[in-house]
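# Architecture and fold: a report
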Amino acid sequence: MKKISFGLLFLSIIAMSSFAHPGGHYKKQDLSLLHHWETRINNESIVGNYLMSKNDFILIEGIEGKIWRLSAGSITSNDKKYLNTEISNINLKNGINLPLISDRVIRTPWDFHYFFQLALLALIAIGFYFLSVFAYKNNYRKQWQFAFSTMTICFIILFFVSCKKNTPVTPSPGPTDTGIPKSSTSFIDSAFTPYKPSISTSWDSTYFYVSGGGFPNHNMMIGITSWQQQVPLPQAYTGSNHWSIPLQPVYATTPLSTRYNFMKGAVAIAVNGIPIFNALNNRGEDSYAIGELDNWGGHCGKADDYHYHAAPLHLSATSGLMPIAFALDGFAVYGAKEPDGTNMQSLDTCHGHIYNSGVYHYHGTTTYPYVVGAMKGKVTIDPTTPAPENQILPQAFATPIRPPLTPLRGAVITNFTNPTSTSYNLTYQINSRNGHVNYSWDNAGNYHFEFIDTAGTTTTADYHH
Ligand SMILES: [Zn+2]
Ligand SMILES: [Zn+2]
């Protein structure tokens, strides 16, 4: 009898550990393929992809076959949204109909059914305890051995099962949503006012909107030493493609770090209508440190869209002590000074602080992470974009008029002029020889490019929008 019981115990331990999956599908170099979850287990962050789910739990597979088991009741709402998209995609691809996480009846470890099972096991263990005491006192040696070992096994199983079920995934406690007043639209508007009329603003009860043409009120491009050959072209950040700043910021349960998130799209919008992207480019490199940025902290993306990656601290010359940007979670970004003109107070890991027991704000600085270290406020993530190349919604999108170009090795941009309101001349230098890109456009959407390389050869290209 004793042997059988120990055999059972052994088998159940084997069953518990059989979820381990050594080797696995993902290796360290696959990190960028993996989703970064907002839900945490014992404060550990989870990086992995959805593997499978049952009614009350889901399995996530990370690198080297590491498996996380999340109880469905503990998953944050953003993660649920992501999971539902994943499950919908699987359903669509396979023509099946797995239930979405949001439609499931969630059983927590401490619901009545589960508690009842544990209690029953505990009662049996206690029963065998009394039996073994009785057998021991009356000198029934064999019966005593049996009762004692059964009791021990019951307690061991109880211990294992309750430990196992008792490490439910609890989102780490964050600040509560209460206490953040709704942002004043007249205050936000006054931050954008110095840059009108090249930008325009409007708002409703949910968002403050910023429209513009994608050009700042300062020169661009000069100072770039690592150039992708993209140049600033007008962008239609207008109509429904405007920038949106939420008027009611809400603290995130777990602020999402910009080191592992948001490498696509903007994280903030500067008060001159130019978007601010992650300090890391889409290859995970510090754009500023590797010379990709001009003297104003910006450059152009694959759609020839001008944007910053560093903090546009130069805007303080126009903006004074007003914010220089607003993050897409709704919190303001200030420059090197506090709103009252005193020196910047110390920053938290999100790159901001609660100012004078009032409202949270970020600061722009000259060192990494420059603007936002982690999103203090809740943001909605485009569920089709996996981290780290996930992007915040809503945001405005740039439209390319030509295929993206490749880096031009050794080129340093030395001059950029604007001879008319619809043309630019760019000069670059390679080994002290000049090259040029001169381009112009008209209101009908025709774009003309003239490229003069450092050997003096001229080529042209025309595009129509
Ligand atoms: Zn960029
Ligand atoms: Zn501050």
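Read on for a plain summary of the structure. If you're wondering where the values come from, they're calculated on a predicted model, not measured in any experiment.

With that settled, the discussion passes to the coordination of the zinc ion (ligand 1). Bound to the zinc ion (ligand 1) are the protein donor atoms His299 (NE2), His307 (NE2) and His309 (NE2), situated 2.0 Å from the metal. Positions of the donor residues of the zinc ion (ligand 1) along the chain correspond to the pattern H-x7-H-x1-H. Remark: histidine 309 occurs in the loop between strand 13 (306-308) and helix 6 (316-319) and histidine 299 occurs in strand 12 (residues 298-300); sequence separation between them is 10 residues. Summarising the burial analysis for this pair, histidine 299 and histidine 309 share the class buried.

Tallying each qualifying case throughout the model produces four salt bridges. A salt bridge links glutamate 285 to arginine 283, with the nearest nitrogen and oxygen atoms 3.1 Å apart. Among the ionic pairs, arginine 283 bridges to glutamate 292, the shortest N-O distance being 2.8 Å.

Spatially, the three strands line up as an open sheet ordered 6-7-8, and their pairing is antiparallel. Each end of this open sheet is capped by a strand with a single partner; those strands are strand 6 (199-203) and strand 8 (243-246). When the angles between neighbouring strand axes are averaged without regard to direction, this sheet yields 20°. As paired elements, strand 6 and strand 7 (residues 207-212) share five bridges and run antiparallel to each other.

Histidine 309 gets classed as buried once you look at its relative accessible area, which sits at 6%. A polar contact of 2.5 Å, which involves the side chain of histidine 309, links it to the backbone oxygen of asparagine 278.

Taken as a whole, this structure holds 29 aromatic pairs when the rule is applied. Ring geometry for tyrosine 251 against tyrosine 360: centres 6.5 Å apart, planes inclined by 90°, an arrangement best described as edge-to-face. Here the residue tyrosine 251 occupies a position in strand 9 (residues 251-257), and tyrosine 360 occupies one in strand 17 (residues 360-363), the gap between them amounting to 109 residues. Of the two residues examined, tyrosine 251 and tyrosine 360, each falls in the buried class. Ring centres of tryptophan 441 and tyrosine 447 lie 6.3 Å apart, and the angle between their planes is 25°; this geometry places the pair in the stacked category. Note on tyrosine 447: relative accessible area 7%, which makes it buried. An aromatic cluster is present here, built from Phe215, Phe416, Tyr424, Tyr439, Trp441, Tyr447, Phe449, Phe451 and Tyr463 joined pairwise through their rings.

Further remarks concern the coordination of the zinc ion (ligand 2). Around the zinc ion (ligand 2), the donor atoms from the protein are Glu338 (OE), Glu338 (OE), His353 (NE2), His361 (NE2) and His363 (NE2), and they sit 1.9 to 2.6 Å away. Read from N- to C-terminus, the donor residues coordinating the zinc ion (ligand 2) fall into the pattern E-x14-H-x7-H-x1-H. No difference in accessibility class separates histidine 353 from histidine 361, as the two residues are buried.

On to the sheet that holds strand 3 (residues 49-54). Strand pairing in a sheet relies on backbone hydrogen bonds, with the paired strands running either antiparallel or parallel. The strand order across the open sheet formed by three strands is 3-4-5, and the pairing between neighbours is antiparallel. Where the open sheet ends on each side, the last strands, each with one partner, are strand 3 and strand 5 (67-71). Averaged over all adjacent pairs, the angle separating strand axes in this sheet is 25°, with direction ignored. Bridge count between strand 4 (residues 57-61) and strand 5: five bridges; the pairing is antiparallel. Across the sheet, the residue bridging to leucine 59 is arginine 69, located in strand 5.

What counts, and where the lines are drawn
- Residues numbered from 1 in each chain as written.
- Chains lettered and ligands numbered in written order.
- Predicted model: local features only at pLDDT ≥ 70, side-chain atom pairs only at ≥ 80, totals over all residues.
- Heavy atoms only, no water.
- Donors = N, O, S within 2.8 Å, 3.2 Å for Na, K, Ca; no water.
- Helix = DSSP H or I, 4+ residues; strand = E, 2+ residues; numbered from the N terminus.
- Buried < 20%, exposed > 50% of the residue type's maximum accessible area, 1.4 Å probe, protein only.
- Salt bridge = Lys/Arg side-chain N within 4 Å of Asp/Glu carboxyl O.
- Pairing = 2+ DSSP bridges.
- Axes fitted to C-alpha atoms, helices over the stretch in contact; angles between N-to-C directions.
- Polar contact = N/O pair within 3.5 Å; in protein donor to acceptor, adjacent residues only side chain to side chain.
- Phe/Tyr/Trp six-rings, centres within 6.5 Å; stacked < 30°, edge-to-face > 60°.

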